[in-house]
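Next come the chains, spelled out residue by residue.
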Amino acid sequence: MAEANAYAALTKAFSGLGVDENLFISTLGNWNRHQRESYRVSTPGFFKEDERQFQRWDDQHILQLRQEFLRLKDAVVLYTMHPWERDARLFKEALLLKIPQLNVLTETACTRSSEELLGARRAYHSLFEHSIEEDIAFHIHTPERKLLVALASSYRYEGPRVNDDLAKSEAKVFVNALKDIKKNLIENEEIVWILSHRSKLHLKALYSHYKEMTGKYLDEDLDGYLILKQVVQCLCSPQTYFSKILIESLRLDVDESVKDSVTRVIVTRADDDMKQIKEEFHSKYGTTLPAKIEEVANGSYKNFLLTIVAKSE
């Protein structure tokens, strides 16, 4: 491999999601000290010239590279966990961050079945000796707290029956609430109750009635209320929600918490609706999910993701 091509290939292996272990071994492992020094000089994005005349790793890139080497391990661990434990740990990790990840709490609470969410709550008791609801109330001090507690404690009806008149009436509740600019929609008790108690089929009927009444989709009208927008998408059109998360996280110019969404979404949806997510992704973004993974990810991590995604074909 020509030196310039080798530098470019190695830089890509350092830069994507995961690392290309084989390339490190075949290229970097065979370089002598002069070739390694030449690479350091030629790659100012990773190395900088120290005032004492040597090329030193940029500290932020060292941290990033450590995280990328761990990405495969984290994916394997998450994939082999019992789904109840996995979701309980997702709840806990999202709450323990300096700024809690409300989107992960919402996503986990709203895209699981009633039995799956109940199982996660049981596992949370065993693992952390608290309830999810207690920890949400302890860690969240913003108006979203009441909604998140209600979503996490939900046990929705999952049968086929829908009261269409009631769904239409509750769509009107949203229409009126969105007109009342003086009141924070997140603190509207009726809205919180509807979103945390009604069945997903009921909410899809409500969603359709809202479109008939206003000519707009409910989630579009909730642009000013991000968490409510995410709740509605997760409950009514999860494939749309997950496709958007994947396209935003399968990039090199995003922070680590966003990149982590790739593992979370692919691992947690592998046995449920991955086929539908792939179809939505292709339809919406003009490329396939495997092609996007090939473009951005590296090494064994890439191969592991592609294997999981291919299971749904």
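Residues numbered from 1 in each chain as written. Predicted model: local features only at pLDDT ≥ 70, side-chain atom pairs only at ≥ 80, totals over all residues. Heavy atoms only, no water.

The name recorded for the chain in an unreviewed UniProt entry is Annexin D4-like, from Nicotiana sylvestris.

Caption draft 1: Spatial organisation of the domain arrangement of the chain. When the domains of the chain are assigned, the result is domain 1 (1-153) and domain 2 (164-312). Each of domain 1 and domain 2 has a C-alpha centre, and the two are 22 Å apart. With 37 residues of domain 1 in contact, the opposing surface of domain 2 contributes 44 residues. Each partner contributes to the roughly 3,400 Å² buried at the junction of domain 1 and domain 2, and carbon and sulfur atoms together form 62% of this total. (Domains from an automatic or database assignment. Contact = heavy atoms within 4.5 Å. Buried area = accessible area lost by both parts, 1.4 Å probe.)

Caption draft 2: Representation of the packing of aromatic side chains within the structure. This structure, assessed with the given rule, holds seven aromatic pairs. Taken together, a centroid distance of 5.2 Å and an interplanar angle of 70° make the contact between tyrosine 241 and phenylalanine 242 edge-to-face. Given the relative accessible area of 3%, tyrosine 241 is considered buried. Ring pairing ties together the aromatic residues Trp31, Tyr39 and Phe47, which thus form one cluster. The ring centre of tyrosine 217 lies 5.0 Å from the NZ or CZ of lysine 211, which sits over that ring. (Phe/Tyr/Trp six-rings, centres within 6.5 Å; stacked < 30°, edge-to-face > 60°. Buried < 20%, exposed > 50% of the residue type's maximum accessible area, 1.4 Å probe, protein only. Lys NZ or Arg CZ within 6 Å of the ring centre and 35° of its normal.)

Caption draft 3: Looking closely at the pattern of salt bridges. On inspection of all chains with the given rule, the structure shows 24 salt bridges. The salt bridge partner of lysine 146 is glutamate 189, with a shortest N-O separation of 3.6 Å. Taken as a pair, lysine 146 in helix 9 (residues 144-152) and glutamate 189 in helix 11 (residues 189-197) lie far apart in primary sequence, 43 residues in all. Salt-bridge contacts for glutamate 279 lead to lysine 275; the nearest nitrogen and oxygen are separated by 2.8 Å. With glutamate 279 and lysine 275 both in helix 17 (residues 274-285), this residue pair falls four residues apart, about one helical turn. Given the relative accessible area of 42%, lysine 275 is considered partly exposed. Residues participating in the shared-partner salt-bridge network are Glu68, Arg71, Lys259 and Asp260. (Salt bridge = Lys/Arg side-chain N within 4 Å of Asp/Glu carboxyl O. Helix = DSSP H or I, 4+ residues; strand = E, 2+ residues; numbered from the N terminus.)

Caption draft 4: Up close: the environment of aspartate 20. Its location among the elements puts aspartate 20 in the loop between helix 1 (3-15) and helix 2 (21-26). A sequence separation of 225 residues divides aspartate 20 from isoleucine 245, and the C-alpha atoms of the two residues are 24 Å apart.

Caption draft 5: Summary view of the side chain of arginine 264. For arginine 264, the position within the fold is in helix 16 (residues 256-269). The exposure class assigned to arginine 264 is buried, which follows from its relative accessible area of 6%. Beyond its immediate stretch of four places on either side in the chain, arginine 264 contacts Leu78, Leu90, Asn103, Val104, Glu107 and Ile245.

Caption draft 6: Region of the structure containing the nonpolar core. With 73 residues, the main nonpolar core has Leu195, Ile266 and Ile293 as its most contacted residues. Residue-level mapping places this core at the junction of two domains, with at least three residues from each of domain 1 (1-153) and domain 2 (164-312). Setting aside residues no more than four positions away along its own chain, leucine 195 makes contact with Leu151, Arg156, Phe174, Leu203, Leu228, Val231, Val232 and Leu235. Ala6, Tyr7, Phe24 and Phe47 belong to the second-largest nonpolar core, a separate cluster that totals ten residues. (Core = buried A, V, L, I, M, F, W, Y, C linked by side-chain atoms within 4.5 Å.)

Caption draft 7: Main features of the side chain of arginine 71. Position of arginine 71 among the secondary structure elements: in helix 4 (residues 59-80). Residue arginine 71 is classed as buried on the basis of its relative accessible area of 3%. A distance of 2.7 Å separates a polar atom in the side chain of arginine 71 from a polar atom in the side chain of glutamate 68. One polar contact links arginine 71 to aspartate 260, side chain to side chain, over a distance of 3.0 Å. Beyond its immediate chain neighbours, meaning those up to four positions away, arginine 71 contacts Leu17, Gly18, Glu256, Lys259, Asp260, Thr263 and Tyr301. (Polar contact = N/O pair within 3.5 Å; in protein donor to acceptor, adjacent residues only side chain to side chain.)

Caption draft 8: Examining the layout of surface pockets more closely. Approximately 630 Å³ is the volume found for the largest pocket. If you trace the largest pocket, you find 20 residues lining it, with Asp74, Leu78, Leu90, Glu93 and Asp260 closest to the centre. Only helix 4, helix 5 (83-96) and helix 16 provide two or more residues apiece to the lining of the largest pocket. Sort the elements by how many residues they give to the lining of the largest pocket and helix 4 lands first, with seven residues. (1 Å grid on protein atoms, 1.4 Å probe; cavity = no way out; pocket = protein on both sides within 12 Å on 5 of 7 lines; lining within 4 Å. Points joined across faces, edges and corners; volume = space filled by probe spheres on them.)

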